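Examination of the molecular architecture
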Number of protein chains: 2
Amino acid sequence: MKNCIVAQSGGPTSAINASLAGIIRGVLEHPDYDRIYGALNGITGILEKRFLDLTDDFQKEENLDLLKVTPAMYLGSCRYKLPNVKEDITPYEFIFKVFESLNIGAFFYIGGNDSMDTVDKLSAYAASIDSPVRIIGIPKTIDNDLCVTDHTPGFGSAAKYVASSMLEIFHDVAIYNLKSVTIVEIMGRDAGWLTASSILARNEYCAAPHLVYLPEAPFDTENFLTDVNQMLQEYDNVIVAVSEGIRDKDGNYISASSDAVDHFGHSRLSGAGKALEYLLEDRMSTIRVRSIELNVLQRCSSHISSRTDLDESYQQGLHGVSLAAEGKTGLMVTLKRISNEPYKVVCDSAPVCEIANQVKSVPAEFINEQGNDVLPGILPYLKPLIQGESGVNFSKGIPTYLPIPHLL
Amino acid sequence: MKNCIVAQSGGPTSAINASLAGIIRGVLEHPDYDRIYGALNGITGILEKRFLDLTDDFQKEENLDLLKVTPAMYLGSCRYKLPNVKEDITPYEFIFKVFESLNIGAFFYIGGNDSMDTVDKLSAYAASIDSPVRIIGIPKTIDNDLCVTDHTPGFGSAAKYVASSMLEIFHDVAIYNLKSVTIVEIMGRDAGWLTASSILARNEYCAAPHLVYLPEAPFDTENFLTDVNQMLQEYDNVIVAVSEGIRDKDGNYISASSDAVDHFGHSRLSGAGKALEYLLEDRMSTIRVRSIELNVLQRCSSHISSRTDLDESYQQGLHGVSLAAEGKTGLMVTLKRISNEPYKVVCDSAPVCEIANQVKSVPAEFINEQGNDVLPGILPYLKPLIQGESGVNFSKGIPTYLPIPHLL
């Protein structure tokens with residue numbers, strides 16, 4: 001019987017531990033596998049031989065359930081990228097020696113784009129040395145920017161947070177009988193999926209967000225001022241959803257265009273939201289302007305994560321174990337959507353080399369001609385992903401999560 | 001039979017509509033009262049004769065239940081302060097003429113400090129003209145800075161949000177194996193109650209917030225740098241909770257001390273959190289620093305409001321109606337705490353002139369000597385206020401709230 005090892009990498013999401021829970025459960029239940037180790041802080045935990053043996057702790061169903069709803073990485077994370085094997089073979093040799101010493105049959109890496117690059121490199125190396133160790137990638141990213149798969153674990157929960165927050169911010173700003181503009185800056189790096197999901201807040205009384213700017217459409221400052229002015233004719237309190245990664249037609253980030261020099265004499269990069277707030281204050285001085293950065297809470301507010309997202313993330317972890325047990329390697333688990341109504345997806349997989357280092361953007365067909373809104377055509381895609389509640393338990397008034405092991 | 005009128009004022013909270021629901025229910029059930037009108041945008045709605053008749057819509061229990069959990073002001077708000085009656089009697093005469101035309105027996109004003117000033121002035125004027133109209137104030141403010149009452153409606157929900165967010169941010173920042181400082185800026189104006197409530201996040205594995213700075217203790221930049229350095233010896237990822245209103249020993253806001261000049265040549269006021277982020281980046285350049293402004297979501301995230309807060313806010317609305325019906329006037333409803341374990345409070349009242357234009361600060365006994373932490377002695381006071389969940393329903397993946405009437 002072989003053992004397995006799992007690690008997590010990249011930025012946090014509310015669902016990355018659900019995938020970890022799926023992998024642990026998959027290994028514990030599979031007759032070919034014995035123990036499941038967790039490497040701390042991603043691949044660097046293997047390079048530094050820092051492991052946890054997860055086997056015994058997670059025999060308890062309640063621990064697995066708690067892990068499933070706990071935000072961020074239970075095992076910690078890293079931002080380490082393996083060197084090209086031709087330039088430096090040392091880490092590869094070390095990693096596979098560690099695998100051998102722990103009698104590892106499969107390594108599961110849960111992460112985003114960079115982590116899939118690691119899966120790609122390790123599986124190629126394994127093939128080159130005829131290693132029997134299976135290397136499987138499990139996706140995660142709130143940015144939803146991985147190719148081939150229908151959507152990524154963590155995105156649905158972040159989208160649910162963004163849409164719910166947008167509705168709550170709308171209630172908050174609607175109270176005063178004056179003209180105002182509120183800019184909400186949303187994560188997603190160079191992909192606009194998460195910002196696009198803010199339109200899920202729209203309903204019979206809530207027209208917010210009134211304007212939506214994604215990185216996929218070039219941002220023009222003068223057009224933006226015209227857009228805001230037009231919206232202010234129609235609405236008292238205009239809310240603008242803006243991606244952190246919006247750029248002008250030359251590809252320059254809008255955030256960078258409004259550097260401020262602080263009293264230390266340093267140039268400070270403000271975010272896109274702050275940059276637009278300053279612009280409006282400068283050019284439309286009679287209007288009350290505020291910017292809100294949703295910040296890390298959009299990726300770690302597990303108390304409002306999407307049940308659909310958590311369940312799918314768990315399933316993808318389970319599926320990864322099946323793939324490895326079948327002898328597959330160099331694959332990333334994917335989701336294939338069968339239908340929107342009723343919503344149905346199945347787990348599938350694709351060679352990780354088709355996925356790593358590429359970005360899936362919001363298609364042009366979902367963005368209006370002026371580049372200041374998302375079209376309703378995107379809704380059938382987005383809606384199913386935020387359905388269902390996390391079921392997080394509260395103890396003494398705040399959410400109950402699984403303790404971070406190295407802090408106990 | 002007389003009618004009643006109600007209005008809401010000041011900044012939003014998650015519980016201010018629960019008080020409105022209590023008042024509506026109180027009026028509908030009281031044999032002496034007939035219709036209940038809502039003035040839009042606070043006292044300005046009376047001055048501009050903009051009303052809603054709430055009587056029929058809220059006969060339905062389900063509408064009242066939905067109102068109770070809906071964030072911000074159902075009736076809208078204002079920041080209008082009545083002039084001194086000796087300087088300008090016009091608005092007073094106008095308001096009481098409106099009251100007469102609507103056959104008003106009582107006016108309920110839900111709001112913070114400024115709104116209690118309005119209640120004070122209107123009740124004094126009513127007495128001076130022998131008007132039978134009763135004027136009652138119902139408190140609300142996430143700042144918890146009103147005198148006489150044990151705590152204010154809206155505070156418990158905001159405290160629950162702050163503590164829960166602190167725990168989730170802790171999970172988020174704990175993932176990397178490096179040294180970092182995260183500054184979380186929390187509302188509360190010149191009172192530190194809300195920032196203090198962030199210590200409710202502490203548990204067996206979460207020592208965050210590691211440092212806490214309230215407006216009640218003078219803030220010293222050099223001491224702050226020493227504090228952070230010391231904490232970084234003990235913890236990898238240090239989280240600092242800081243009030244928006246911290247000041248130095250001369251009373252200058254810390255936020256103002258780091259004005260930045262933007263590329264328009266304007267001086268920009270950054271918040272306290274940003275100011276400390278810049279300071280740390282400047283003086284401790286090897287550490288990864290981030291600041292998070294919890295922003296308006298700490299006052300409008302009704303999906304995570306405190307059931308205790310909602311229920312008490314509702315009770316205080318009901319109690320206000322009883323007071324008016326008994327012929328009382330010029331009072332604000334208060335809460336009196338009977339015991340912590342079991343937690344028990346009763347509604348009471350106090351002359352609004354004892355409350356208006358004063359501020360209740362966090363007592364020195366709850367702040368440590370160095371002024372960088374809150375002492376556990378505050379916990380028995382805070383804990384009961386965040387207990388219980390809102391029970392907000394979700395529809396299509398996002399929270400269901402009562403539509404804003406003028407936007408339908």
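Everything below is about the structure shown above.
Let us look at the structure shown here.

About the thresholds
- As a convention, each chain's residues are numbered from 1 in the sequence order in which they are written.
- All chains are assigned letters beginning at A, and all ligands numbers beginning at 1, according to the order in which they are written.
- Note on the predicted model: pLDDT of at least 70 is required for a residue's local features to be given, and 80 or more for side-chain atom pairs to be given and counted; whole-chain, interface and lining totals, by contrast, use all residues.
- Working from all heavy atoms in the structure, the side-chain values ignore hydrogens and water.
- Secondary structure elements follow DSSP: runs of H or I no shorter than four residues count as helices, runs of E no shorter than two count as strands, and numbering proceeds from the N terminus.
- This radius of gyration counts C-alpha atoms alone. The globule rule is 2.2 Å times how many residues there are, raised to the power 0.38.
- Two residues qualify as a contact provided that any one of their heavy atoms is within 4.5 Å of a heavy atom in the partner residue.
- Computed by Shrake-Rupley with a 1.4 Å probe, the accessible areas treat only the displayed protein chains as cover when residues are assessed.
- Counted as positive: Lys and Arg. Counted as negative: Asp and Glu, with His and the chain ends omitted from the count.
- For the purpose of locating charges, the reference atoms are NZ of Lys, CZ of Arg, CG of Asp and CD of Glu.
- One requirement defines pairing of two strands: DSSP has to find at least two bridges between them.
- Note on geometry: axes are C-alpha line fits, over the in-contact stretch for helices, and angles between N-to-C directions span 0 to 180 degrees.
- What counts as a ring pair is set by centres within 6.5 Å for rings of Phe, Tyr and Trp (its six-membered ring), and what kind of pair is set by the plane angle: stacked under 30 degrees, edge-to-face over 60, tilted for all other angles.
- Only protein chains enter the calculation, and the probe is 1.4 Å; a residue is then buried if its accessible area is under 20% of its type maximum, exposed if over 50%, and partly exposed in between.
- Seen with its strands pointing away from the viewer, a crossover is right-handed if its path from the first strand over the helix to the second goes clockwise.
- A helix's residues, less one, multiplied by 1.5 Å, set its expected span.
- Buried area is a sum: the accessible area each of two parts loses on coming together, probed at 1.4 Å, counted once for each and added.
- A pairing counts as a salt bridge when a side-chain nitrogen of Lys or Arg comes within 4 Å of a carboxyl oxygen of Asp or Glu.
- Throughout this description, a polar contact denotes any pair of N or O atoms lying within 3.5 Å of each other; where both atoms belong to protein, one of them has to be capable of donating a hydrogen while the other can accept it, and for residues adjacent in sequence the pair is counted only when both atoms sit in side chains.
- Least squares is the method used to superpose the copies, on C-alpha atoms of residues holding a pLDDT of at least 70 in both.
- Roughly parallel refers to an angle under 35 degrees, roughly antiparallel to one over 145, roughly perpendicular to one between 65 and 115, and oblique to any angle outside these ranges.
- Each crossing is labelled by how the near helix is turned from the far one, with a counterclockwise turn of less than a right angle marking it left-handed and a clockwise turn marking it right-handed.
- Amino acid classes used here: Ala, Val, Leu, Ile, Met, Phe, Trp, Tyr, Cys and Pro are nonpolar; Asp, Glu, Lys and Arg are charged; the rest, including Gly, are polar.

**Observations regarding the overall build of chain A**
Helices and strands together make up the secondary structure of chain A, namely twelve helices and 15 strands. In terms of overall dimensions, chain A is globule-like: its C-alpha atoms have a radius of gyration of 23 Å, near the 22 Å expected for 408 residues. With the C-alpha coordinates aligned to their principal axes, the bounding extent of chain A is approximately 70 × 45 × 45 Å. Counting only contacts in chain A whose residues sit at least 6 apart along the sequence, the fraction spanning at least 24 positions is 76%. Surface summary for chain A: the accessible area is close to 14,800 Å², and the carbon and sulfur share equals 48%. For chain A, the distance from the average position of its 34 positive side-chain charges to the average position of its 52 negative side-chain charges is 4 Å.

**Focus: the sheet that holds strand β12 (residues 331-339) of chain B**
Residues and elements named next belong to chain B. Ordered in space as β3-β2-β1-β4-β5-β12-β13, the seven strands form an open sheet in which the pairing is mixed. The sheet terminates laterally at β3 (51-53) and β13 (344-351), the two strands that pair on one side only. Averaged over neighbouring strand pairs, the angle between their axes works out to 30° when direction is ignored. Bridging between strand β2 (residues 33-39) and β3 involves three bridges; their strand directions are antiparallel. Looking at β3, one finds that Tyr 37 is bridged to Asp 53. This element, helix α5 (residues 113-128), spans β4 (104-111), β5 (134-139) and β12 of the sheet and lies at about 165° to β5.

**Here's the deal with the packing of aromatic side chains**
A complete count under the given rule lists 22 aromatic pairs over all chains for this structure. On the numbers, 5.2 Å between centres and 55° between planes, the contact of A:Phe96 with A:Tyr125 is tilted. Separated by 29 residues along the polypeptide, A:Phe96 in helix α4 (residues 90-101) and A:Tyr125 in helix α5 (residues 113-128) bring together distant segments of the chain. There is no split in this pair, since A:Phe96 and A:Tyr125 are both buried. With a centroid separation of 5.7 Å and 85° between ring planes, the pair formed by B:Phe58 and B:Tyr74 is classed as edge-to-face. Pair noted here: B:Phe58 is in the loop between β3 and α3 (61-69) and B:Tyr74 is in the loop between α3 and α4 (90-101), with a separation of 16 residues, a long-range link.

**Looking at the pairing of strand β1 (residues 2-8) of chain A**
For a regular strand, side chains alternate in direction, first toward one face of the sheet and then toward the other. Residue and element names in this part refer to chain A. Counting buried positions along β1 gives six out of seven residues, so the element sits mostly inside the fold. After leaving β1, the chain enters helix α1 (residues 16-29) and then returns to the sheet as strand β2 (residues 33-39), a path that is right-handed. Where β1 and strand β4 (residues 104-111) come together, six bridges link them in parallel fashion. Each bridged residue has a counterpart across the sheet, and for Ile 5 the counterpart in β4 is Phe 107.

**With respect to helix α9 (residues 272-283) of chain B**
What sets the pattern is the α-helix's 3.6 residues per turn: residues three or four places apart point alike. With twelve residues, α9(B) ought to run about 16 Å at 1.5 Å a step, and its terminal C-alpha atoms sit 16 Å apart, in line with that. Every buried residue of α9(B) is listed here: B:Ala272, B:Gly273, B:Ala275, B:Leu276, B:Glu277, B:Tyr278, B:Leu279 and B:Leu280.

**Brief notes about the environment of B:Thr70**
Along the polypeptide, B:Thr70 turns up in the loop between α3 and α4. By relative accessible area, which is 1% here, B:Thr70 ends up buried. On a C-alpha basis, the gap between B:Thr70 and B:Ser128 in space is 38 Å, while along the polypeptide they are 58 residues apart. Not counting the four nearest positions on each side in its chain, B:Thr70 is found in contact with A:His171, B:Ser14, B:Asn17, B:Ser302, B:Tyr401 and B:Leu402.

**Observations regarding the sheet that holds strand β7 (residues 211-213) of chain B**
Residue and element names in this part refer to chain B. Spatial ordering of the open sheet is given by β7-β8-β6-β11, a layout of four strands whose pairing is parallel. Here the strands that pair on one side only, and so sit at the sheet edges, are β7 and β11 (288-293). Going across the sheet, the axis of each strand differs from the next one's by a mean of 15°, ignoring polarity. Along the sheet, helix α6 (residues 155-173) contacts β6 (180-186), β8 (237-243) and β11; its crossing angle with β8, the most-contacted strand, is approximately 155°. Sheet strands in contact with α9 are β6, β8 and β11, and its direction is about 160° off that of β6.

**Focus on unusual backbone geometry**
A:Pro209 follows A:Ala208 through a cis peptide bond whose omega is -5°. Positionally, A:Pro209 belongs in the loop between α7 (193-196) and β7 (211-213). Geometrically, the link from B:Glu341 to B:Pro342 is a cis peptide bond, its omega value of 0° lying close to zero. The backbone of A:Ala72 sits at a positive phi, close to 60°, despite the residue not being glycine.

**Some points on the interface of chain B and chain A**
Between chain B and chain A, the contact holds 75 residues from the first and 75 residues from the second. At the boundary of chain B with chain A, total buried surface from both sides reaches about 6,200 Å², with 61% on carbon and sulfur atoms. For the chain B face of the interface with chain A, the top three residues by lost area are B:Glu168, B:Ile175 and B:Tyr205, together amounting to 11%. Put simply, chain B and chain A have two salt bridges between them. For B:Asp172, the salt bridge goes to A:Arg299, with nearest N and O atoms at 2.7 Å. For the pair chain B and chain A, the interface holds 25 residue pairs in polar contact (both at pLDDT 80 or more).

**Things to note about the pattern of salt bridges**
Applying the stated criterion across every chain yields a total of 42 salt bridges over all chains. In this structure, the salt-bridge partner of A:Asp236 is A:Lys179, at a minimum N-O distance of 3.3 Å. One end of the pair, A:Asp236, is in the loop between α8 (221-234) and β8 (237-243); the other, A:Lys179, is in the loop between α6 (155-173) and β6 (180-186), with 57 residues separating them in the sequence. Among the residues examined, A:Asp236 registers a relative accessible area of 34% and is labelled partly exposed. When its relative accessible area of 32% is taken as the criterion, A:Lys179 is described as partly exposed. The shortest N-O distance in the salt bridge between B:Arg50 and B:Glu48 comes to 3.0 Å. When salt bridges with common partners are traced through the structure, they connect A:Arg25, A:Glu29 and A:Glu61 into a single cluster.

**Section: the relation of the copies chain B and chain A**
Between chain B and chain A, the superposition needs a rotation of 180° and an axial shift of 0.0 Å, giving an RMSD of 0.0 Å. In short, the pair behaves as if placed about a two-fold rotation axis. Both copies present the same face, since 100% of the interface residues in chain B are matched by interface residues at the equivalent positions in chain A.

**Details of α1(A)**
All names here are of chain A. End to end, α1 covers 20 Å across 14 residues, agreeing with the expected 20 Å (1.5 Å per residue, within 8%). Extensive coverage of α1 is indicated by the burial of twelve of its 14 residues. Looking only at α1, the buried set comprises Ile 16, Asn 17, Ala 18, Ser 19, Leu 20, Ala 21, Gly 22, Ile 23, Ile 24, Arg 25, Gly 26 and Val 27.

**Observations regarding the packing of α8(A) against helix α9 (residues 272-283) of chain A**
All names here are of chain A. Across the interface, α8 lies against α9 with an axial gap of 11 Å and an inter-helix angle of 70°. Between α8 and α9, the crossing angle belongs to the class labelled roughly perpendicular. Judged by the twist between their axes, the crossing of α8 over α9 is right-handed. Together, Thr 221, Glu 222, Phe 224, Leu 225 and Val 228 of α8 and Leu 276, Leu 279, Leu 280 and Arg 283 of α9 make up the contact between the two elements. Considering only residue class, the contact of α8 with α9 consists of six nonpolar, one polar and two charged.

**What to know about the side chain of A:Asn41**
Structurally, A:Asn41 is set in the loop between β2 and α2 (43-47). Side chain to side chain, A:Asn41 and A:Arg50 meet in a polar contact 3.1 Å long. Discounting residues that sit within four places of it in the chain, A:Asn41 has contacts with A:Gln8, A:Arg50, A:Leu75, A:Gly76, A:Ser77, A:Cys78, B:Ile175, B:Tyr176 and B:Asn177.

**Notes on the environment of B:Asn252**
Residue and element names in this part refer to chain B. Checked against the element boundaries, Asn 252 lands in the loop between β8 and β9 (260-261). Residues Asn 252 and Ile 398, 146 residues apart in the sequence, show an inter-C-alpha distance of 42 Å. What Asn 252 contacts, discounting residues up to four positions off in sequence, is Ile 246 and Arg 247.

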